[in-house]
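# Residue-level structural notes
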Amino acid sequence: MGVSKMEEILRKLVEAPSVSGFEEDISKLLKKELEPFVDEVKSDRIGNVIARKGSGSPKIMIAAHMDEIGLIVKYINKKGFVIFDKIGGWDERILPTKKVLIHGSKGPVLGVIGYKPVHLQESDEQKKPVKLKEMFIDIGASSEDDVKKAGVGIGDFITNHGTLEKLGKSRVTGHAFDNRMGCLSMIEIAKGLKKFKGTLYLVGTVKEEIGLIGVRGSSFSVNPDVMLAVDTTIAGDMPGLTEEEAPLKLGDGPSLEIKDGMGVVHPRVKKWVTETAKRGKIKIQLEVMSGGATDASIVPTVREGIPAGAITIPVRYIHAPVEVADMRDVKNCVKLYVKLVESAHQYF
Ligand SMILES: [Zn+2]
């Protein structure tokens, strides 16, 4: 079975390496994919991509962060092993034995995160996770000089080595779904929108994973009447989690974040989203989270305060290289966003 057009674009997005602070590749790709469907697209000083479609009021901003969590070269030792630090919210326990790409001056270099063989581990060592400071990347080099010759240096960013794959009928697996799913949604929203009142700004933000950085300046400059973040969230339908802890399910539709670790959705945004979903017969899930944040969490503090909310796509194993999502949720998320843009003038 062939992959759909949407999955083809998603594959390109997943394969574009773009760790927080190093978003050049993804920003080029996003601009290229958005360009045919918008009136104007540019980058701002810090690297956010800002696309505009339409004109007049209201001004609606939809933002998806372009960055992904990753690693960075910290030190190269005499024997040619690469020591690294992390960028963003990693579970360190899943790092050993991963295949990675180091993005050096001569292009990507394959490496593996090595570890001590099970045969030589003491029984108490086997019960404890390996610490980040004990980890290293093996790129097949024998000396520090070898590593330098491969174009690898301190400060180079590192991504997971992998691609997008189909999983079952409607699902896909891969890395950086957080937030290439949001980037894909923005492209599909631009394509799907025909007639609407007002101006739509589609913004690809930088450095979300390391402190919601890019959205602050871009929401200030766009100065929208309302802002929505299209991002990913936690699907809890797996062994080891209860519905009480994490009730969101794959395939049950996009999620409106009522509360996250930083705040609560603006009441008018909640009304707009729930009413529009109901009218459009699009099933949504409502989410109350104890922790976590999206670009929408910080936007209410920009300027005199901008109403904001997040509509997100549920993802299993989020922030792991084997994230799983359901393409039906992506399609419904896009459908909802298109209807939201079309009805925005009635609310803002
Ligand atoms: Zn995210």
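Residues numbered from 1 in each chain as written. Predicted model: local features only at pLDDT ≥ 70, side-chain atom pairs only at ≥ 80, totals over all residues.

## Things to note about the overall build of the protein
A count of helical and extended segments in the protein gives 9 helices and 17 strands. Against the globule reference of 20 Å for 348 residues, the protein gives a C-alpha radius of gyration of 21 Å, in line with a compact fold. Each principal axis of the C-alpha distribution contributes one length, and for the protein these read about 65 × 45 × 45 Å. Classification of the 348 residues of the protein by burial places 47% in the buried group. Relative to all contacts within the protein whose residues are 6 or more apart in sequence, the contacts with residues 24 or more apart total 76%. (Helix = DSSP H or I, 4+ residues; strand = E, 2+ residues; numbered from the N terminus. Rg over C-alpha atoms; globule rule 2.2 N^0.38 Å. Buried ≥ 20, exposed ≤ 12 C-beta atoms within 10 Å, placed from the backbone. Contact = placed C-beta atoms within 7 Å.)

## Quick word on the environment of isoleucine 76
Looking at the secondary structure, you find isoleucine 76 in strand β4 (residues 70–76). Spatially, the C-alpha atom of isoleucine 76 lies 7.6 Å from that of valine 147, the residues being 71 residues apart in sequence. Those residues in contact with isoleucine 76 that sit more than four places away from it in its chain are Val82, Glu144 and Val147.

## Considering the packing of helix α7 (residues 267–279) against helix α9 (residues 327–343)
Helices that pack against each other are described as a pair by the angle of their axes relative to one another and the distance between those axes. Orientation of α7 relative to α9, taken along the N-to-C sense of each, is 115°, at an axis distance of 10 Å. Considered as vectors, α7 and α9 are oriented roughly perpendicular to each other. Our pair here, α7 against α9, has a crossing hand that is right-handed. When α7 is examined against α9, the residues Trp272, Val273, Thr276 and Ala277 are found in contact with a partner set consisting of Leu336, Lys339, Leu340 and Ser343. Along the lines of polarity and charge, the residues of the contact of α7 with α9 split into 5 nonpolar, 2 polar and 1 charged. (Axes fitted to C-alpha atoms, helices over the stretch in contact; angles between N-to-C directions. Parallel < 35°, antiparallel > 145°, perpendicular 65-115°, else oblique. Left-handed = near helix turned anticlockwise from the far one by under 90°. Nonpolar A, V, L, I, M, F, W, Y, C, P; charged D, E, K, R; others polar.)

## Points about the nonpolar core
One finds Ile62, Leu202, Leu228 and Tyr337 to be the most contacted residues of the largest nonpolar core, which totals 78 residues. Considering every element that reaches this core, the biggest residue donor is α9, with 9 residues. Those residues in contact with tyrosine 337 that lie beyond four places of it in its chain are Ile62, Ser185, Ile189, Val230 and Ile311. Counting residues in hydrophobic clusters, the runner-up holds 22 residues, among them Val100, Met135, Val147 and Val152. (Core = buried A, V, L, I, M, F, W, Y, C linked by C-beta atoms within 7 Å.)

## Considering unusual backbone geometry
Between serine 57 and proline 58 the backbone carries a cis peptide bond, its omega angle lying at -5°. Phi at alanine 176 takes a positive value of approximately 60°, unusual for a residue other than glycine. Along the chain, alanine 176 turns up in the loop between β11 (171–174) and α5 (177–192). With 29 C-beta atoms counted inside 10 Å, the residue alanine 176 sits in the buried group. The phi angle at tyrosine 317 is positive, at roughly 55°, despite the residue not being glycine. Mapped onto the elements, tyrosine 317 comes out in the loop between β16 (308–315) and β17 (323–326).

## A word on the sheet that holds β4
The sheet built from 6 strands closes into a barrel, its strands ordered β4-β5-β8-β7-β6-β9 with antiparallel pairing. Looking at chain direction, β4 and strand β9 (residues 157–160) are connected through 2 bridges and run antiparallel. When the bridges of β9 are listed, isoleucine 72 appears paired with phenylalanine 157. (Pairing = 2+ DSSP bridges.)

## Considerations on the packing of α5 against α9
The contact between α5 and α9 brings their axes to 9 Å, and the two run at 50°. Taken together, α5 and α9 sit at an angle that is classed as oblique. Crossing of α5 over α9 shows right-handed handedness. Facing α5, whose interface residues are Met181, Leu184, Ser185, Glu188, Ile189 and Gly192, α9 presents Val330, Cys333, Val334, Tyr337 and Val338. Residue composition of the contact of α5 with α9, by class: 8 nonpolar, 2 polar and 1 charged.

## Overview of the pairing of strand β1 (residues 40–43)
By the bridge criterion, 4 bridges tie β1 to strand β2 (residues 49–55) in an arrangement that is antiparallel. By the bridge assignment, glutamate 40 is partnered in β2 with arginine 52. Between β1 and β2, which pair antiparallel one after the other, the connecting turn spans 5 residues, and glycine 47 there sits at a positive phi close to 110°.

## Topic: the domain arrangement of the protein
For the protein, the domain assignment lists domain 1 (5–68 + 175–346) and domain 2 (70–160). Placing a centre on the C-alpha atoms of domain 1 and another on those of domain 2 gives a separation of 32 Å. At the interface, 11 residues of domain 1 touch 13 residues of domain 2. For the side of domain 1 that touches domain 2, a count of residues per class yields 6 nonpolar, 3 polar and 2 charged. (Domains from an automatic or database assignment.)

## Quick word on the sheet that holds β11
The sheet built from 3 strands is open, its strands ordered β10-β11-β17 with antiparallel pairing. The open sheet terminates on both sides in strands that have one partner only, identified here as β10 (165–167) and β17. Looking at each pair of strands side by side, their axes are set apart by 35° on average, direction ignored. In terms of strand pairing, β11 meets β17 through 4 bridges, oriented antiparallel. Of the residues in β17, the one forming a bridge with glycine 174 is glutamate 323.

## Focus on the environment of histidine 161
Along the chain, histidine 161 turns up in the loop between β9 and β10. Distance from histidine 161 to leucine 110, taken between C-alpha atoms, is 7.7 Å for residues 51 residues apart in sequence. Among all residues touching histidine 161, those that are not within four sequence positions of it are Lys99, Val100, Leu101 and Leu110.

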